[in-house]
Amino acid sequence: MRKSTLLCAVSLAAVLASPAAAQELTIGLSSEPSALDPHYHNLGPNNAMRRHMFDSLVLQNEAQQLKPGLAVSWKPTDDTTWEFKLREGVTFHDGSPFTAKDVVFTVCRIPAVEDSPSSFTVYTKAITDMQIKDSHTLILKTAKPYPLLPVEVSTWGVLSAAANGVTGDIGFSTDGCTGIDSFPKTQAFNDGSQANGTGPFKFKQFTRGEKIVLERNENYWGDKPAWQTVTFRPITSNGPRVAALLAGDVDMIDKPPLQDLERIKSEGFDVAQGLSNRVIYLHFDHEQEPTPGIDGTGGKNPFKDMRVRQAVSKAINREAIVARIMGGVAVPAGELLPQGMFGSTPGATHEAYDPEGAKKLLADAGYGDGFELVLGSPNDRYINDAQIAQAVAQMLTRVGIKTEVDAMTKSTFFARRNKYEFSLYMAGWGSGTGEMSSPLRALVATRNKDKGMGGTNRGRYSNPELDAMIEEALAVVDDDKREAILRNASQVAMENYAILPLHYEVTPWAYRKGLSYTPRTDQYTIATGVKPAN
């Protein structure tokens, strides 16, 4: 019996160590992308998946530092002109060559994406003209100095013009490009028919709610991934995701429940974690009157009064949320980006917990008897999101704002949020650019589609002074001056309680022995970053 058992064990080990098995990787994801279209939804899970199949001109490393991608170099040739030298010898998955025309086609397509919940135009609006100098030299023009252009081109993936029926020349215009008959629909990426990029992996299968399967691109221009096949399994419930890891059904999971980290380690698995750039925040309705989900105010919107917004902030014990809900694996937030990132304010501190001060502010604002509130929140998008929302509701109730939580799946939440159905909601933002203009421009700038401002400002906060500061920062080439302007803009937003930061997520990943992963500030789970441990 012992000999038989031993032989079985050896046989099993041989199978597990075989080259085929060694080159297969299965990852359990806490959130499923809403589409494989790289331009459909500016959302973390989508952006992470995009990087596997669709390269950008400039890449970001784990700390969001820039490095060459489809462009080998870039430089400003005057205040409003940038020259990008493109990488030669790169082919798309279908074998067609990559050229400057593909980049122009991509920028033309981004504003044409139908029903985009959060558009990538925020990262292309600065481009006023594109000129193809030659097949691998591209000239980009902006209306004014725009130092963030190399950062912004790192946020969107490049499509093939030829694969989408473009045979002749393309003429770029912000009013509508010429030489393009049509753009691919989002469904064409989901079914794989247009999932044709230059990235390290190729599309194999997408079964919504079940799995996304990718295959290694053997002709990739960069370092080839260690994995021949990668399967992403969306397992949005925490318990089943951990169970899948412990049972060996997946090799790695993202965002394991914080309360399970010690157990996971004790079972022989490894955990990597690092501070992210994602801030969890509360957003007020600054405009509607009456506003949804508010009772007891005679139809008035209490959040139009800054004293009420400040009272909400003082009522929240951020340190308690970090300690009790997040298990210490988070950092209380005083602004929209963590300390040390570009544009953050040195020494910025979070609002002190002051329930008595909150009650006084409510009384001063005419709400001494409080009012009733419904807090909107996803329950499957951010780490412990529903629990955080419940904790916030309890804290607000203690100061007289009787609060109920309306928590729902992220798809339902984002759809309702985008219809302005909440007077107060909880969500999160990760800086795609790794600096302060990203959250300021998206979350608190006045909504202006033409300028690409306020794309996720579903609280409709509007402050012309703040808008002017953000626009000024985006036109200043000098890094020191630009950072000073961004810091001042951040302080204006915080002093006006335009939005309430709660905490920054610290992101964990757990994986089986024999693997390694370097935590990313953008929280993305990237298969090329998963390495066989030495």
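Since this is a predicted model, take the numbers as computed values, not measurements.

Here is what the cut-offs are and how they apply
- Residues numbered from 1 in each chain as written.
- Predicted model: local features only at pLDDT ≥ 70, side-chain atom pairs only at ≥ 80, totals over all residues.
- Heavy atoms only, no water.
- Helix = DSSP H or I, 4+ residues; strand = E, 2+ residues; numbered from the N terminus.
- Polar contact = N/O pair within 3.5 Å; in protein donor to acceptor, adjacent residues only side chain to side chain.
- Core = buried A, V, L, I, M, F, W, Y, C linked by side-chain atoms within 4.5 Å.
- Buried < 20%, exposed > 50% of the residue type's maximum accessible area, 1.4 Å probe, protein only.
- Contact = heavy atoms within 4.5 Å.
- Salt bridge = Lys/Arg side-chain N within 4 Å of Asp/Glu carboxyl O.
- Axes fitted to C-alpha atoms, helices over the stretch in contact; angles between N-to-C directions.
- Parallel < 35°, antiparallel > 145°, perpendicular 65-115°, else oblique.
- Left-handed = near helix turned anticlockwise from the far one by under 90°.
- Nonpolar A, V, L, I, M, F, W, Y, C, P; charged D, E, K, R; others polar.
- Pairing = 2+ DSSP bridges.

J.: Which parts of the structure should I look at to understand the side chain of Asn418?
T.: Looking at where Asn418 falls in the secondary structure, it is placed in the loop between helix H13 (410-417) and strand E17 (424-430). Within polar-contact distance, the side chain of Asn418 engages the side chain of Arg458 at 3.2 Å.

J.: Would you take a moment to explain the nonpolar core for this structure?
T.: When a protein is soluble and globular, its nonpolar side chains tend to lie buried together. Ranked by size, the top nonpolar core spans 155 residues in total, and within it Leu57, Phe84 and Leu282 carry the most contacts. Looking at this core, the element that brings in the most residues is strand E18 (residues 499-511), giving eight residues. In this view, Phe84 contacts Leu57, Val58, Ala71, Ser73, Trp74, His136, Thr137, Leu138, Leu140, Leu149 and Val153; residues no more than four positions away in its chain are not counted.

J.: Just to check I follow, could you spell out unusual backbone geometry for this structure?
T.: Outside of glycine, negative phi angles account for most residues, and trans bonds account for most peptide bonds. In this chain, Glu289 is followed by Pro290 through a cis amide linkage whose omega measures 0°. Within the secondary structure layout, Pro290 lies in the loop between strand E12 (270-284) and strand E13 (294-295). In this structure, Asp115 takes a positive phi of about 60° despite not being glycine. Of the residues examined, Asp115 reaches a relative accessible area of 69% and is grouped as exposed.

J.: Where do I start with the pattern of salt bridges in this structure?
T.: Two side chains of opposite charge can pair, provided their charged atoms sit close to one another. Enumeration according to the criterion identifies 24 salt bridges in this entry. The closest approach of N and O atoms between Arg216 and Glu218, which form a salt bridge, is 3.1 Å. Owing to a relative accessible area of 36%, Glu218 belongs among the partly exposed residues under this scheme. One salt bridge connects Arg487 with Glu483, and the closest N-O pair in it is separated by 3.3 Å. Of this pair, Arg487 and Glu483 both sit in helix H16 (residues 479-495), four residues apart, which is roughly one turn of that helix. When salt bridges that share partners are traced, they join Lys144, Lys451 and Glu471 into one network.

J.: Is there a simple way to think about the packing of helix H15 (residues 464-473) against H16 in this case?
T.: Running from amino to carboxyl end, H15 crosses H16 at an angle of 160°, the nearest separation of the two axes being 9 Å. With respect to their mutual orientation, H15 and H16 come out roughly antiparallel. The handedness of the crossing between H15 and H16 comes out as left-handed. On the side of H15, the interface is formed by Glu465, Leu466, Met469, Glu472 and Ala473, while H16 contributes Arg482, Ile485, Leu486, Asn488, Ala489, Val492 and Ala493. Taken together, the residues that form the contact of H15 with H16 break down as eight nonpolar, one polar and three charged.

J.: Is there a simple way to explain the environment of His52 in this structure?
T.: Along the chain, His52 turns up in helix H3 (residues 44-53). The class for His52 is buried, based on a relative accessible area of 1%. Each C-alpha atom of the pair His52 and Gly157 lies 9.9 Å from the other, and the pair is 105 residues apart in sequence. Residues contacting His52, with those up to four places away along its chain left out, are Gly199, Pro200, Phe201, Leu214, Phe232, Thr525, Ile526 and Ala527. Within the local environment of His52, its side chain forms a polar contact with the backbone oxygen of Ala48, the two atoms lying 3.1 Å apart.

J.: It is not clear to me how the sheet that holds strand E6 (residues 127-134) should be interpreted in this structure. Could you clarify?
T.: Paired through backbone hydrogen bonds, the strands of a sheet run either parallel or antiparallel to each other. If you trace the four strands from one edge of the open sheet to the other, you get E4-E5-E7-E6, paired in antiparallel fashion. Looking at the sheet topology across the chains shown, the edges are occupied by strand E4 (71-78) and E6. Across the sheet, the axes of successive neighbouring strands diverge by a mean angle of 20°, strand direction being ignored. Strand direction decides the pairing type here: E6 and strand E7 (residues 137-142), joined by six bridges, are antiparallel. Across the sheet, the residue bridging to Gln131 is Ile139, located in E7. Sheet strands touched by helix H4 (residues 100-109): strand E5 (81-86), E6 and E7. Its angle to E6, the strand with the most contacts, is close to 165°.

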